[in-house]
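Descriptive structure summary
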Amino acid sequence: MFPDLPAPVARVLGALRDAGHEAALVGGAVRDRLLGGRPDPDDWDVATSAHPDAVAALFPAHSWDNRFGTVTVAGTPSVEITSYRTEGGYRDRRRPDEVRFGASLEEDLARRDFTVNAIAWVPEDLERGTGRLVDPHDGAGDLDRRVLRTVGDPDERFAEDALRLVRAARIAGRLGLSLDAETEAAVRRRAADAGTVSGERLRDELLRMLDDPMPSRPLGLLERLGLLAVVLPEVAALRGVPQAKALPGDALDHTLRAVDAVVSTDRALRLAALLHDVGKATTLADGHFIGHERVGAELADAALRRLRVPRSIAAPVVRVVRHHMYSYDPEWSDAAVRRFVRRIGEKDMPLLFGLRRADDAASGAADEAGEVQAELERRIAAELASSGDVLRHRRLAIDGDDLQRELGMVPGPRIGSVMEALTEAVLDDPSRNRRDELLRLARELDPEAVTDGTAPGADG
Ligand code: ATP
Ligand code: MG
């Protein structure tokens, strides 16, 4: 089944076996290979009879999650090694009260979430990639039938760990499986429990949904199962909010189309597309969404904090949600283009423009809008080439100290407003960004400033 096992995976399986342990491939790699027609994953899952301490000793340089005894061997692809285990009760619906290692492969498969995820491939000849499948819960049969079903009683399994509710939507949505009737009924009954799962774990599942080539499939299923309202109520609230766009549907349909329209795999961009219109749920008045980008930025910020998304990703996402409604007009002067660059900041521009393209595509307006957008980007590139210093660092040839020294201005808000006016002047005409010119201008702006060179500290 795996004649072309990636070298890092073969190395891990071989090293465990040479040390006298059992080792098997499990999880997504086996599932997706049986299903066929899917690329191999970037992360492979290996289960082993070796105790976590023995695994850690075999792969000493690699990261080890102590609590769950998982060793991740970094590389391309990376390999996650878990020791066979059984799990005790789940009183808090989040993590097992007790994990017991030293279980058998069959016991380990029984604690896994879905039958299609509980199939192991035990290698026989690693060179030739031959081995046998261990599939006690007929996951292969469910794959043939294209059904997602829990291992054992769905109510119990979701009660143990509510993250499995979200995983059901992710895996079924991605693979185009339908939920077995009892599994689906249990998901719907228990949907609210997803709210008890930690932000970090929800984040990881959501980000993996966004990694999908077509995120609307898992996200759409998440909504249909009643889970989106629990994990991302801001986005779920867009259902039923009317839109006047060339393409049909409401604001949630538009949002999901925008996420699908993102061409890169950049997570910040996909998050931005998912959250760009969340302000629309509460701002509709007289057929317009007044200030939805401001409200949306606040809601997006709250959602990203709740989901523990690192600030390095969340902060730019919030900023581009805030700015996504800019409307460029070819009539803009060069100074207007420079002001735009300064307001947005050069580093957020790829994200903002990627969002705009996805938004336009999802609005059915990509063609006309694309030309105009391309022109804006050309003009920005030209301004950055000629006036980059001013635009990048907002750097003026003088600063507030110069105003005090040369003009005798006293510290206070007046200095700030003169600096602001000088900045505006330089944005209008970057050639004015010279010390003599700006001091002259400052004197004009602030006639009360001492101008005869006798100010304290002025040295003429
Ligand atoms: P992907 O291909 O997206 O990685 P995956 O099924 O491999 O999907 P992982 O999160 O990598 O998902 O988990 C690996 C395996 O661990 C799963 O296939 C499943 O057997 C088991 N597993 C993961 N999370 C849970 C959970 N919350 N409850 C029970 N079993 C789980
Ligand atoms: Mg996996």
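Since this is a predicted model, take the numbers as computed values, not measurements. (Residues numbered from 1 in each chain as written. Chains lettered and ligands numbered in written order. Predicted model: local features only at pLDDT ≥ 70, side-chain atom pairs only at ≥ 80, totals over all residues. Heavy atoms only, no water.)

For the protein, the assigned domains read domain 1 (7-136), domain 2 (146-231), domain 3 (248-393) and domain 4 (400-445). Just the C-alpha atoms count here: the centres of domain 2 and domain 4 sit 59 Å apart. (Domains from an automatic or database assignment.)

In this section: the pattern of salt bridges. For side chains bearing opposite charge, pairing can occur when the charged atoms are close. What the rule picks out here adds up to 51 salt bridges. Glu200 is paired through a salt bridge with Arg308; the nearest N and O atoms lie 3.6 Å apart. One end of the pair, Glu200, is in helix H9 (residues 199-210); the other, Arg308, is in the loop between helix H16 (292-306) and helix H17 (311-323), with 108 residues separating them in the sequence. The class of Arg308 is partly exposed, set by a relative accessible area of 48%. (Salt bridge = Lys/Arg side-chain N within 4 Å of Asp/Glu carboxyl O. Helix = DSSP H or I, 4+ residues; strand = E, 2+ residues; numbered from the N terminus. Buried < 20%, exposed > 50% of the residue type's maximum accessible area, 1.4 Å probe, protein only.)

Turning next to the site of ligand 1. Taken together, 15 residues surround ligand 1, and among them Gly28, Arg164, Arg170, Arg174 and Arg208 come closest. Between ligand 1 and Asp161, the relevant distance is 2.9 Å, taken from a nitrogen atom to a side-chain nitrogen or oxygen of the residue. Interatomic distance of 2.8 Å between a side-chain N/O atom of Arg174 and an oxygen atom of ligand 1. Contact with the protein chains hides 85% of the accessible area of ligand 1, taken as 590 Å² for the molecule alone. Broken down by secondary-structure element, the contributors of at least two residues to the shell around ligand 1 are helix H2 (28-35), helix H7 (163-175) and H9. The leading source of residues in the shell around ligand 1 is H7, at 4 residues. (Near = heavy atom within 4 Å. Polar contact = N/O pair within 3.5 Å; in protein donor to acceptor, adjacent residues only side chain to side chain. Areas by Shrake-Rupley, 256 points an atom, 1.4 Å probe, with all protein chains shown as cover.)

On to the pairing of strand S1 (residues 23-26). With burial as the criterion, each face of S1 is covered, one bearing Ala23 and Leu25 and the other bearing Ala24 and Val26. Relative to strand S2 (residues 43-48), S1 is paired through 4 bridges, and the arrangement is antiparallel. In the strand pairing of S2, Leu25 is matched with Val46. (Pairing = 2+ DSSP bridges.)

On to the packing of aromatic side chains, then. Scanning all chains against the criterion turns up 7 aromatic pairs. Residues Phe2 and Trp121 carry aromatic rings whose centres are separated by 4.9 Å and whose planes lie at 65° to one another, so their mutual orientation is edge-to-face. Placement of Phe2 in the segment before helix H1 (7-18) and of Trp121 in strand S8 (residues 120-125) is noted, with a sequence separation of 119 residues between them. The burial state of Phe2 is the same as that of Trp121; both residues are buried. Pairwise contacts between aromatic rings join Tyr326, Tyr328, Trp332, Phe340 and Phe353 into one cluster. (Phe/Tyr/Trp six-rings, centres within 6.5 Å; stacked < 30°, edge-to-face > 60°.)

Further remarks concern helix H21 (residues 400-407). Buried within H21 we find Gly400, Asp402, Leu403, Glu406 and Leu407. For H21, the angular spread of buried residues about the axis comes to 155°, placing them on one side. Tucked into the core, H21 has its buried residues touching helix H22 (413-428) and helix H23 (435-445). Residue Gly408 follows H21 closely and has a positive phi angle near 70°. (Arc of directions from axis to C-beta. Contact = heavy atoms within 4.5 Å.)

In this section: a nonpolar patch on the surface. Residues Met1, Leu34 and Leu133 make up a contiguous nonpolar surface patch of roughly 210 Å² in combined accessible area. With respect to the secondary-structure elements, Leu34 resides in helix H2. The class of Leu34 is partly exposed, set by a relative accessible area of 32%. (Patch = residues over 30% accessible without salt bridge, like charges linked within 9 Å, V, L, I, M, F, W, Y side chains within 5 Å.)

The next subject is the pairing of S2. Pairing of S2 with strand S5 (residues 78-83), which is carried by 6 bridges, proceeds in the parallel orientation. What sits directly across from Asp45, in S5, is Glu80.

As a further point, take helix H8 (residues 181-190). Those residues of H8 not exposed but buried are Thr183, Ala186 and Val187. In an axial view of H8, the angular spread of the buried residues amounts to 100°, which keeps them on one side of the axis. Residues of H8 that are exposed and point more than 90 degrees away from the buried face comprise Ala181, Glu182 and Arg189.

The next thing to look at is the nonpolar core. Ranked by internal contacts, the top residues of the largest apolar core, which has 122 residues, are Leu25, Ile81 and Leu222. It is H7 that provides the largest number of residues to this core, a total of 8 residues. Setting aside residues no more than four positions away along its own chain, Ile81 makes contact with Val12, Leu16, Val46, Thr48, Val55, Phe59, Gly69, Thr70, Val71 and Val73. Ranked by size, the runner-up nonpolar core spans 12 residues in total, among them Ala24, Tyr84, Leu105 and Val122. (Core = buried A, V, L, I, M, F, W, Y, C linked by side-chain atoms within 4.5 Å.)

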